[in-house]
Amino acid sequence: MSNIDKIRIKDIMSKTGFSRSTIDRVLNNREGVRARTRERVEAVLNELGYAANALDDLRKRSAPNTEVFLSEGTNPFFEQLWIGMRTALDEVLTGQNISFKGFDPYEPKTLLALLRGVREDTKCVITVGVETASVASAIDELVARGVRVVTTVSDVPMSHRAVFVGQNNFAAGKTAGRLMLEMTGSTPGSLAVMTGHLEFRHLLERRAGFEQMIGLTDPTRRVYFAEPFGGRNQPARDIFHKTLKQLPDLVGVYFCGGGQPGLFDALGETDLKSIAHEMTPSSRAALLDGSLNFAICHDILDLSRKTFSAAMNPNISHGTVPCGIHIHTSENLPQENLTSNNNLVSRGGVRPG
C-alpha cells in the first residue's frame, strides 16, 4: 500500500479513544489485545480510507529499529527537545521501533557507551552530537556496519554521519552580535559571553559568530569569555556573579546555550542588555519580565520533524538540513511552550512507531 507510512496514529486515537500503546499492539500484531479492539482499529483504518490489507502490508514489512540519544539534565531546552521529538512522532506512523535514551551532556562517556551499545538490528541512530574523537570514532564504527547516523542540534562533522539537522549556529551567533551592538550602541563597556559544555559544537560556533560580528563592527569593544558553566561543580549563577565582579564595566551578556533558570534569575537583578537561545518556560518568563531582551530560537517541532525525515530518507546524506533562526522578544512570543501529555512515553522506554 503506497500510503501506509502516512497513517496518522493520532487520528486513530481520536476516533477509537484507545491509547497509543493499544493501537501500537494492534498495528504490530502483538499479544494482549481483545478481538473487539482489533476489529475497531481495523474499522477505523477502513473509515480513514486505507486499503483493507493495510495491516497485513504493515506487518509484512520489516520493522527496523531506530535509537534516539538525547542530552538530559538541568538545561530546559533539552527537556523541550525530548517532548518535541515525541510529539513529532505522534504525527506519522514510521513503521519503525524507536527507542529514546538519555546521556549526561557533561560526561561524554555516557554518550559513547550508548553509541557502542547500539543493537545489531538497529538501522538508524539519531543523536545530539558531542564533539570528541572517541564519539566520532564510535559514529564511524556504526556507519561502517551500515547504520545511518543523523546528528541534531549539535554536529560531529569530523565523523562520517549521514546528515546534520539544525541551525547555522555561526550565523545565529553573528545575529546575536548584531542585536547586542544595536542595543548597547555607543555605550562604553564590556560584553560577556557565557556558555556551557565546550564539547558541544553548536555552542562554540555561536560564540565564534558573536565574536566575529563584534570584532568586525566594533573592534574596540572588549568581549570576555566566562568560564564554562554546568554540572554539579559549576553553577551558572555563581559564574555569572563572578563575571559581574570581574567586569565592573559590563553592559551586555550573551548566553550561548539554552539558558538556565538560575542565570535568568540573576540577570533580573541587573540592568544588563541580554540575549539567550531557545524558547523554554524560563526564557519565556525572562522575556516577559524584561530581564531578557532577545531569545534566538529553533522551532522545536520543525527541528524534530526534519530530524526524523532525514533519518528515514536515505537520499538525504552527507550534508545539512537547515532549520530557521527565529528571534523572539516579549512582543512576539510563540503561543505556548511544548508540554508533556499522557501520550508521551517516559524517558528511556521504547516508543514504537
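Treat the numbers as computed from the prediction; the structure is a model and nothing was measured.

J.: Would you mind showing me how to read unusual backbone geometry here?
T.: Excluding glycine, residues mostly carry a negative phi; peptide bonds, for their part, are mostly trans. In this structure, Val-153 is a non-glycine residue whose phi angle is positive, near 70 degrees. Residue placement: Val-153 occurs in the loop between β4 (148-152) and β5 (163-166). We note that Glu-278 has phi near 75 degrees; this positive angle belongs to a residue other than glycine. Within the fold, Glu-278 resides in the loop between β9 (273-277) and α12 (281-289).

J.: In this structure, what is going on with helix α9 (residues 201-217)? I would like to understand it.
T.: Spacing of three or four residues puts side chains on the same side of an α-helix, whose turn is 3.6 residues. Spanning 17 residues, α9 covers 24 Å between terminal C-alpha atoms, matching the ideal 24 Å at 1.5 Å per step. Where the residues of α9 are buried, they touch α8 (169-184), β6 (190-194), β7 (223-225), β8 (250-255) and β9.

J.: Help me out: how do you make sense of the nonpolar core in this one?
T.: Within soluble globular proteins, side chains that are nonpolar tend to cluster in buried spots. Counting 60 residues, the largest nonpolar core has Phe-100, Leu-115, Phe-210 and Phe-308 as the members making the most contacts within it. By residue number, the principal contributor to this core is helix α5 (residues 76-89), which donates seven residues. One finds Phe-264, Met-279, Leu-287 and Ala-295 within the second-largest nonpolar core, a separate group that totals 24 residues.

J.: Looking at this structure, I do not really get the pairing of strand β3 (residues 122-128). What am I missing?
T.: Counting buried positions over the seven residues of β3 gives six, a clear majority of the element. Of the strand pairs in this sheet, strand β1 (residues 65-71) and β3 are connected by five bridges, and their pairing is parallel. Paired with Glu-67 across the bridge in β3 is Val-125. Alignment of β3 against β4, held across five bridges, turns out to be parallel. Residue pairing across strands places Thr-127 opposite Thr-151, the latter belonging to β4. Viewed along the sheet, the connection from β3 through helix α7 (residues 133-144) into β4 turns out right-handed.

J.: Help me out: how do you make sense of the packing of α5 against helix α13 (residues 300-312) in this one?
T.: For any two helices packed against each other, one specifies the inter-axial angle together with the distance between the axes. Put simply, α5 and α13 touch, their axes get as near as 8 Å, and they point 55 degrees apart. One way to sum up the angle between α5 and α13 is to call them oblique. In the crossing of α5 with α13, the sense of the turn from one axis to the other is right-handed. Along the contact surface, α5 presents Phe-77, Gln-80, Leu-81, Gly-84, Met-85, Thr-87, Ala-88 and Leu-89, while α13 presents Ile-300, Leu-301, Leu-303, Ser-304, Arg-305, Thr-307 and Phe-308. Taken together, the residues of the contact of α5 with α13 sort by class into nine nonpolar, five polar and one charged.

J.: For this particular structure, what's the right way to read the pairing of β9?
T.: Side chains on a regular strand alternate between the two faces of the sheet. Here β9 lies mainly inside the structure; four of its five residues are buried. As judged from the three bridges shared by β8 and β9, these two strands associate in the parallel manner. Its bridge partner lying in β9, Gly-252 is registered against Lys-273. Sheet topology note: the β9/strand β10 (residues 294-297) ladder contains three bridges and is parallel. Considered in β10, the bridge of Ala-276 is made with Ala-295. Handedness of the β-α-β unit built from β9, α12 and β10 comes out right-handed.

J.: Which parts of the structure should I look at to understand the side chain of Ser-283?
T.: The topology assignment puts Ser-283 in helix α12. Among the residues examined, Ser-283 registers a relative accessible area of 0% and is labelled buried. A distance of 2.8 Å separates the side chain of Ser-283 from the backbone nitrogen of Thr-280, its partner in a polar contact. Other than its neighbours up to four places away in sequence, Ser-283 contacts Phe-264, Glu-278 and Leu-292.

J.: Just checking my understanding: could you explain the packing of α8 against α9 for this structure?
T.: Interhelical geometry of α8 versus α9 gives an angle of 40 degrees and a closest axis separation of 6 Å. As summarised for this structure, α8 and α9 are arranged oblique, according to the angle between their axes. As α8 runs across α9, the sense of the crossing is right-handed. Two secondary-structure elements touch here, α8 through Asn-169, Phe-170, Gly-173, Lys-174, Ala-176, Gly-177, Arg-178, Met-180 and Leu-181 and α9 through His-202, Glu-205, Arg-206, Ala-208, Gly-209, Phe-210, Gln-212, Met-213, Ile-214 and Thr-217. The class makeup of the residues in the contact of α8 with α9 is eight nonpolar, seven polar and four charged.

J.: In this structure, what is going on with the environment of Gly-262? I would like to understand it.
T.: Considering the arrangement of structural elements, one finds Gly-262 in helix α11 (residues 261-267). Between the C-alpha atom of Gly-262 and that of Arg-237, which follows or precedes it by 25 residues, the distance is 5.4 Å.

J.: Looking at this structure, how should I read the sheet that holds strand β12 (residues 326-328)?
T.: Working definition: the strands of a sheet are paired by backbone hydrogen bonds and lie parallel or antiparallel to each other. One open sheet holds the six strands; their spatial order is β7-β6-β8-β9-β10-β12, and the pairing between them is mixed. The sheet is open, and its two edges are formed by β7 and β12, each paired on a single side. Each strand axis lies, on average, 20 degrees off the axis of its neighbour in the sheet, ignoring direction. Across three bridges, β6 lies against β7 in parallel orientation. The residue bridging Ala-192 from the neighbouring strand is Tyr-224, located in β7. α8 contacts β6, β8, β9, β10 and β12 of the sheet and is inclined by roughly 165 degrees relative to β9.

About the criteria used
- Residues numbered from 1 in each chain as written.
- Predicted model: local features only at pLDDT ≥ 70, side-chain atom pairs only at ≥ 80, totals over all residues.
- Heavy atoms only, no water.
- Helix = DSSP H or I, 4+ residues; strand = E, 2+ residues; numbered from the N terminus.
- Expected span 1.5 Å × (residues − 1).
- Contact = heavy atoms within 4.5 Å.
- Core = buried A, V, L, I, M, F, W, Y, C linked by side-chain atoms within 4.5 Å.
- Buried < 20%, exposed > 50% of the residue type's maximum accessible area, 1.4 Å probe, protein only.
- Pairing = 2+ DSSP bridges.
- Right-handed = clockwise from strand over helix to strand, strands pointing away.
- Axes fitted to C-alpha atoms, helices over the stretch in contact; angles between N-to-C directions.
- Parallel < 35°, antiparallel > 145°, perpendicular 65-115°, else oblique.
- Left-handed = near helix turned anticlockwise from the far one by under 90°.
- Nonpolar A, V, L, I, M, F, W, Y, C, P; charged D, E, K, R; others polar.
- Polar contact = N/O pair within 3.5 Å; in protein donor to acceptor, adjacent residues only side chain to side chain.

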